[in-house]
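Coordinate analysis (summary)
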Amino acid sequence: MSAQTGKSGLTSRPEWKALCQHFESIKNVQLRDAFAEDSDRASKFSVEAVDLFLDYSKNRINSETMPLLFDLAKSAKLKERTEAMFTGEKINTTENRAVLHTALRAPKDAVIEFEGQNVVPDVHEVLDKMTAFCERVISGEWTGYTGQPIRNVINIGIGGSDLGPVMAYEALKHYSNRDLTFRFVSNVDGTDFAEATIDLDPAETLVIVASKTFTTQETMTNAMSARKWLVDQLGAETAVAKHFVAVSTSAERVQEFGIDTENMFGFWDWVGGRYSMDAAIGLSTMLAIGPDRFRQMLDGFHAMDVHFRETPLEENLPVILAMLNIWYTNFFDAQTVAVLPYDQYLKRFPAYLQQLTMESNGKSVTLAGDSIDYETSPVFWGEPGTNGQHSFYQLIHQGTHLIPCDFIAFGRSLNPVGDHHDKLMANVFAQTEALAFGKTKEQVEAEGTSSELVPHRVFSGNRPSNTLYAEILTPRILGSLIALYEHSVFVQGVVYDIDSFDQWGVELGKVLAKKIVPELEASDSPDLKHDSSTNQLIQRYRKSQGRTA
């Protein structure tokens, strides 16, 4: 509903209406004209903080746009909501929970209270326990059931218990311990488990089972398969205690599984799954890069937390990114955002952001439960450059969809090989330039292009992008990047007046699947009471398994 006003609290505000009027005056302005008219535009729309440089000058904005967007954020009481989050108020209202992932990276001397108790000592107690355990594994002091040191680590989880650890392992692989092999199992598809273990020796393998409740269907199915794989090959149930550790809050279920609760690493109800990779869910990350570098990553998270909490909106990196997303999603009808990291180590970063953004803000009712008459989260997607240039960039440049882009680039490569990095960075700069300014009909004709080909070689330009630039990818920079997007998601949720920290949308399918499993496995023909399509599919599957249809 681009540049429209509605009946909701958000779209009826004067700040929203002011943006609607502004949109009408700016919607057809070309970036090539904006840059031609203002030689200082790049510096005016650039901000540097926490070792990250953001150039957002190639956006369809002018000197009036950002103040109007910041006014909208203020009207949503962003400052007050931010303090409520940082101070442990139960802002996740549908689950009556606090949202204190920022406490996971707070320094030891910080005081962050929840229900009258400082949670920071508890956080550091778990970090210290993780550190001691990782040092034992890395040094070879921890051995398996047969006395062999650990050479393989399998992380079993799903959602936030998988996407964060996988992304962090790939992102920081340059810093990882190459004496250890890491595998990640999440999908309940047996192929995922089979391929992860096919070449591993269970006598040398440590399995991390990451599930807050220790009841998640996919995770526990994979964990039981891993348990059977290990026991069958080592020949003893007691081997489980030497090869399995848990990240959970359910000591009873962990013990029932056969894991020594001394090897259980806890976290808290005020940590959402997709915000937990810097908690015990990051145990595999700490094993890979070591405790010191893990804490450097936490320092990067914390630095961005401080920046977000204390910096005025006009220079606040998460706020700027958030409000630009709102600008395009609600006024330009942009449905998606492409995240394009020009660093191979960040190849899983877009997938990680998909959960962070879309599970958080994929909502259609306000905090009060009222239907929303505006757009909330766009679809996030992307691939590392330059691979994407040879697949989907065609659509971004010349397609009918407006797709804002976040480019992420680094001044130095962790693997300097010849002139590779010069060419990589040239592509970053060229793509943002091409998207913004395009190529006019006159420019194409001036090149001597035949008249019938001219329309095909015109680039409209005016395609917006941000460029996030850092000197080099380090654990600290990764932490800052993740926290940047975490807080951007939060800001959008505040403005949209939604609960960014629940995820009821994932529940219905899970509940129905639990009902269908026994119908698939029943020896006798079940009494199916689904719709005709679902009944038909269940019957066809049962037939393929040789069961009574």
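The structure displayed is predicted, hence computed values, not measured ones.

What counts, and at which threshold
- Residues numbered from 1 in each chain as written.
- Predicted model: local features only at pLDDT ≥ 70, side-chain atom pairs only at ≥ 80, totals over all residues.
- Heavy atoms only, no water.
- Helix = DSSP H or I, 4+ residues; strand = E, 2+ residues; numbered from the N terminus.
- Rg over C-alpha atoms; globule rule 2.2 N^0.38 Å.
- Buried < 20%, exposed > 50% of the residue type's maximum accessible area, 1.4 Å probe, protein only.
- Contact = heavy atoms within 4.5 Å.
- Areas by Shrake-Rupley, 256 points an atom, 1.4 Å probe, with all protein chains shown as cover.
- Domains from an automatic or database assignment.
- Axes fitted to C-alpha atoms, helices over the stretch in contact; angles between N-to-C directions.
- Parallel < 35°, antiparallel > 145°, perpendicular 65-115°, else oblique.
- Left-handed = near helix turned anticlockwise from the far one by under 90°.
- Nonpolar A, V, L, I, M, F, W, Y, C, P; charged D, E, K, R; others polar.
- Polar contact = N/O pair within 3.5 Å; in protein donor to acceptor, adjacent residues only side chain to side chain.
- Pairing = 2+ DSSP bridges.
- Expected span 1.5 Å × (residues − 1).
- Bend = angle between axes of the 7 residues up to and from the residue.
- Salt bridge = Lys/Arg side-chain N within 4 Å of Asp/Glu carboxyl O.
- Core = buried A, V, L, I, M, F, W, Y, C linked by side-chain atoms within 4.5 Å.
- UniProt positions renumbered as here; feature names shortened; annotations may be inferred.

In this section: the overall build of the protein. Of regular secondary structure, the protein possesses 21 helices and 13 strands. The C-alpha radius of gyration computed for the protein amounts to 25 Å, which stays within 12% of the reference 24 Å derived for 549 residues, consistent with globular compactness. Dimensions of the protein along its principal axes, counting C-alpha atoms only, are 75 × 60 × 55 Å. Expressed as a percentage of its 549 residues, the buried residues of the protein come to 54%. Here the contacts in the protein between residues at least 6 apart in sequence split such that 73% fall between residues at least 24 apart. Within the structure as shown, the protein displays about 23,800 Å² of accessible surface, and the carbon and sulfur contribution to it stands at 48%.

Domain assignment breaks the protein into domain 1 (10–37 + 49–87 + 311–495), domain 2 (102–295) and domain 3 (506–545). Between the C-alpha centres of domain 1 and domain 3 there is a distance of 43 Å.

It is worth spelling out the packing of helix α15 (residues 349–361) against helix α19 (residues 475–496) at this point. Packing of α15 against α19 brings their axes to within 10 Å, and their N-to-C directions diverge by 20°. By the criterion of interaxial angle, the relationship of α15 to α19 is roughly parallel. Here α15 and α19 pass one another in a crossing that is right-handed. Between α15 and α19, the contacting residues are Phe349, Tyr352, Leu353, Leu356, Thr357, Ser360 and Asn361 on the first element and Leu481, Ile482, Tyr485, Glu486, Val489, Gln492 and Gly493 on the second. Partitioning the contact of α15 with α19 into residue classes produces eight nonpolar, five polar and one charged.

Moving on to the side chain of Glu204. Position of Glu204 among the secondary structure elements: in the loop between α8 (190–197) and β7 (205–210). Here the side chain of Glu204 touches Gln148 through a polar contact of 3.2 Å, side chain to side chain. Beyond its immediate stretch of four places on either side in the chain, Glu204 contacts Gln148, Pro149, Ile150, Arg151, Asn152 and His243.

Attention now moves to the sheet that holds strand β8 (residues 244–247). Across the sheet, five strands lie side by side as β6-β5-β7-β8-β9; this open sheet has parallel pairing. Looking along the sheet, the strands with just one partner apiece sit at the ends: β6 (181–185) and β9 (264–265). Sheet topology places β7 next to β8; four bridges connect them, and they run parallel. Bridged to Ala210 within β8 is Val247.

We now examine helix α20 (residues 507–521). The end-to-end C-alpha distance of α20, which contains 15 residues, comes to 22 Å, matching closely the 21 Å that a straight helix rising 1.5 Å per residue would cover. Its axis deflected by about 25° at Lys515, α20 carries its strongest bend there, up to four residues before the proline Pro518.

Attention now goes to the pattern of salt bridges. The full count for this structure, using the stated rule, is 26 salt bridges. Across the pair Arg105 and Asp305 runs a salt bridge, and its minimum N-O distance is 2.7 Å. With Arg105 in the loop between α5 (78–86) and β3 (113–114) and Asp305 in helix α13 (residues 291–310), this residue pair connects regions lying 200 residues apart in the sequence. A relative accessible area of 3% places Arg105 in the buried class. Its relative accessible area of 2% is what places Asp305 among the buried residues. A cluster of three or more residues bridged by salt bridges with shared partners is formed by Arg105, Asp278, Asp305 and Glu486.

Turning next to the nonpolar core. Grouped together as the largest cluster of nonpolar side chains are 133 residues, with contacts concentrated most on Phe133, Trp270, Trp327, Phe349, Leu478 and Leu481. The dominant element in this core, judged by the number of residues it contributes, is α19, at 13 residues. For this core, the domains that each give at least three residues are domain 1 (10–37 + 49–87 + 311–495) and domain 2 (102–295). Residue contacts for Phe349: discarding those within four places in its chain leaves Met167, Val339, Ile408, Leu481, Ile482 and Tyr485. In terms of nonpolar packing, the next biggest core, distinct from the first, is built from 25 residues, Phe193, Ala203, Val207 and Ala226 among them.

Our next topic: the UniProt feature "active site" (unreviewed entry) in the protein. Look at the UniProt record and you will see "active site" (unreviewed entry) annotated at Glu359, His390 and Lys510. These annotated residues cover 152 residues of sequence, and their C-alpha atoms sit far apart, with the largest distance between any two at 36.9 Å. Checked against the element boundaries, His390 lands in the loop between β11 (379–381) and α16 (393–398). Checked against the element boundaries, Lys510 lands in helix α20.

Further remarks concern helix α4 (residues 65–75). Looking only at α4, the buried set comprises Thr65, Met66, Leu68, Leu69, Phe70, Leu72 and Ala73. Against the buried residues of α4 lie α1 (14–26), α5, α14 (317–331) and α19. One or two steps after α4, the chain reaches Lys77, where phi turns positive at roughly 60°.

Cis geometry is found at the peptide bond from Gly385 to Thr386, where omega equals 10°. You will see that Lys77, though not glycine, has its phi angle at about 60°, which is positive. The residue Lys77 is located in the loop between α4 and α5 in this model. The phi angle at Asp497 is positive, at roughly 60°, despite the residue not being glycine. Mapping Asp497 onto the fold places it in the loop between α19 and α20.

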